[in-house]
Amino acid sequence: MDERGGSFVAVRRISQGLDRGNTCHSTSGNFHSLTEVVAGSAAWLGRGLSCVCAQRRESDPRPSFDLTPAQECLQRLQLRIDVAYDSSIPEHREALRALWNAAFPDEELRDLISEQWKEMGWQGKDPSTDFRGGGFISLENLLYLARNFPKSFQDLLRKQEGDRSVWEYPFAVAGVNITFMLIQMLDLEAVKPRTMVGATFLKFLSENESAFDLLYCITFKLMDHQWLAMRASYMDFNTVMKSTRRQLERELLLEDVTRLEDLPSYSLLSR
């Protein structure tokens with residue numbers, strides 16, 4: 001639930017229901033099991049998330065002056081951020097199927113619009129409605145996590161680590177939240193960084209064009225780590241996200257961090 005109030009998505013953890021096999025220089029109410037995610041308003045997705053697409057300046061012209069390599073990397077990332085998920089595009093549909101196959105390799109997906117998606121923590125049977133908040137890049141982020149850190153991906157999906165709460169955050173919707181939070185934290189829609197955190201990230205991006213995807217993976221694991229440390233439940237999600245952002249900002253500004261792999265939270269990831 002965001003600070004302005006509103007409905008939210010709650011997920012009850014039932015673990016047995018999930019047991020399947022480039023470099024660029026209100027607490028009351030009726031709740032259901034994880035296979036029956038309650039659909040609430042987009043307010044749960046983070047403050048202002050439901051308005052992300054309207055906030056983007058897709059029609060704004062890009063600067064025409066000569067760009068440094070770092071600025072060129074930033075513009076390529078901005079182009080990715082501007083891409084909305086579009087179910088009419090074959091590559092987008094294939095990416096969504098790939099995400100399902102990574103999550104549940106032993107279970108066939110019956111259709112791209114299916115009640116099965118609720119098992120992954122989407123709000124309803126059509127994940128494309130949740131991508132409105134994070135765009136296609138939020139799907140790319142999840143796929144990057146699944147392909148590069150498959151153990152961490154499965155641990156997060158199935159809530160396999162730690163002493164979990166009865167009512168857990170939904171994996172997929174949380175993933176979209178993280179994409180959105182990082183875009184805001186790093187001020188990625190600005191022409192150039194306006195904060196030290198943003199400037200630090202741009203340096204990492206200039207050395208590794210997958211830096212945003214890697215930082216996403218680190219952040220997801222850090223968020224889950226904070227969730228467990230705070231013994232959080234679904235009503236605490238926004239509080240956990242704020243704590244995660246503060247910790248991530250501190251780590252990015254550490255003097256001895258010269259690449260993302262130097263972040264203390266990178267050690268939380270496992271392949």
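Residues numbered from 1 in each chain as written. Predicted model: local features only at pLDDT ≥ 70, side-chain atom pairs only at ≥ 80, totals over all residues. Heavy atoms only, no water.

For the protein, the name recorded in an unreviewed UniProt entry is ELMO domain-containing protein, with Citrus sinensis as its organism.

A count of helical and extended segments in the protein gives ten helices and two strands. Ordered by position from N to C terminus, the α and β elements of the protein give β-α-α-α-α-α-α-β-α-α-α-α. Burial analysis of the protein (271 residues in total) assigns 51% to the buried set. As presented, the protein carries roughly 12600 Å² of accessible surface, and 49% of it is formed by carbon and sulfur atoms. (Helix = DSSP H or I, 4+ residues; strand = E, 2+ residues; numbered from the N terminus. Buried < 20%, exposed > 50% of the residue type's maximum accessible area, 1.4 Å probe, protein only. Areas by Shrake-Rupley, 256 points an atom, 1.4 Å probe, with all protein chains shown as cover.)

It is worth spelling out the side chain of Thr244 at this point. Relative to the elements of secondary structure, Thr244 occurs in helix α10 (residues 237–252). Here Thr244 falls in the buried class, since its relative accessible area comes to 0%. Contacts of Thr244, omitting those with residues within four sequence positions, involve Met181, Thr219, Leu222, Met223 and Gln226. (Contact = heavy atoms within 4.5 Å.)

Let us now look at the packing of aromatic side chains. All told, the structure shown has twelve aromatic pairs when counted by the stated rule. Note on Tyr85 and Phe131: the rings are 5.1 Å apart at their centroids and 35° apart in plane angle, and the pair reads as tilted. Of this pair, Tyr85 sits in the loop between α2 (69–82) and α3 (90–103) while Phe131 is found in helix α4 (residues 131–134), placing the two residues 46 residues apart along the sequence. Residue Phe131 is classed as buried on the basis of its relative accessible area, which comes to 1%. An aromatic cluster is built from Phe153, Phe171, Tyr216 and Phe220, whose rings are joined through pairwise contacts. One residue, Lys159, lies across the ring of Tyr169, its end atom 4.3 Å from the ring centre. (Phe/Tyr/Trp six-rings, centres within 6.5 Å; stacked < 30°, edge-to-face > 60°. Lys NZ or Arg CZ within 6 Å of the ring centre and 35° of its normal.)

Summarising the element assignment, Asp224 is placed in helix α9 (residues 211–229). Not counting residues within four places of it along the chain, the set of residues in contact with Asp224 comprises Leu156, Arg164 and Tyr169.

Turning our attention to the packing of α2 against helix α8 (residues 196–207). Two elements in contact, α2 and α8, have axes whose closest approach is 9 Å; the angle formed by their N-to-C orientations is 90°. With respect to each other, α2 and α8 are oriented roughly perpendicular. Between α2, through Ala70, Cys73, Leu74 and Leu77, and α8, the contact on the second element is made entirely by Phe201, Leu202, Leu205 and Ser206. (Axes fitted to C-alpha atoms, helices over the stretch in contact; angles between N-to-C directions. Parallel < 35°, antiparallel > 145°, perpendicular 65-115°, else oblique.)

Looking now at the nonpolar core. Within the largest apolar cluster, 67 residues are counted, with the highest numbers of intra-cluster contacts made by Met120 and Phe220. For this core, the secondary structure elements donating two or more residues are α2, α3, α5 (136–148), α6 (150–158), α7 (171–185), α8, α9 and α10. When residues of this core are assigned to their parent elements, the largest contribution, eleven residues, is made by α9. Setting aside chain neighbours within four positions, we find Phe220 in contact with Leu142, Leu145, Leu156, Tyr169, Phe171, Ala174, Gly175 and Ile178. (Core = buried A, V, L, I, M, F, W, Y, C linked by side-chain atoms within 4.5 Å.)

A word on the pattern of salt bridges. For the structure on display, the rule yields 13 salt bridges. Notably, a salt bridge pairs Arg231 with Asp163, separated by 3.7 Å at the nearest N-O pair. In this pair, Arg231 sits in the loop between α9 and α10 while Asp163 sits in the loop between α6 and β2 (167–168), placing the two residues 68 residues apart along the sequence. Put simply, Arg80, Glu140 and Asp213 are held in one network by salt bridges that share partners. (Salt bridge = Lys/Arg side-chain N within 4 Å of Asp/Glu carboxyl O.)

With that out of the way, let us pick up α8. Look at α8: 17 Å from first C-alpha to last across twelve residues, which is about the 16 Å you get at 1.5 Å a residue. Of the positions making up α8, those classed as buried are Val197, Gly198, Thr200, Phe201, Leu202, Phe204, Leu205 and Ser206. Close packing links the buried residues of α8 with α2, α7, α9 and α10. (Expected span 1.5 Å × (residues − 1).)

A few words now on α9. For the α-helix, the turn length of 3.6 residues means that residues three or four positions removed from each other point alike. End to end, α9 covers 26 Å across 19 residues, agreeing with the expected 27 Å (1.5 Å per residue, within 8%). Most of α9 is tucked away, with 16 of its 19 residues classed as buried. Backbone geometry just downstream of α9 places Arg231 in the positive-phi region, at approximately 50°.

What follows is about the confidence of the model for the protein. Here the protein shows a mean pLDDT of 81. Residues at 70 or above account for 75%. Per-residue pLDDT stays below 50 along residues 1–23; that stretch engages in 74 contacts with residues further than four places along the chain or on separate chains. Segment residues 25–65: pLDDT under 50, and 93 contacts once partners within four positions in sequence are set aside and those in other chains are kept. (pLDDT = per-residue confidence, 0-100.)

The next thing to look at is the side chain of Lys159. Within the secondary structure layout, Lys159 lies in the loop between α6 and β2. Although Lys159 is buried, it forms no salt bridge, and the closest oppositely charged side chain is Glu168 at an N-O distance of 4.7 Å. Reaching out from Lys159, the side chain makes a polar contact with the backbone oxygen of Tyr169 at a distance of 3.1 Å. (Lys, Arg positive; Asp, Glu negative; His and termini not counted. Polar contact = N/O pair within 3.5 Å; in protein donor to acceptor, adjacent residues only side chain to side chain.)

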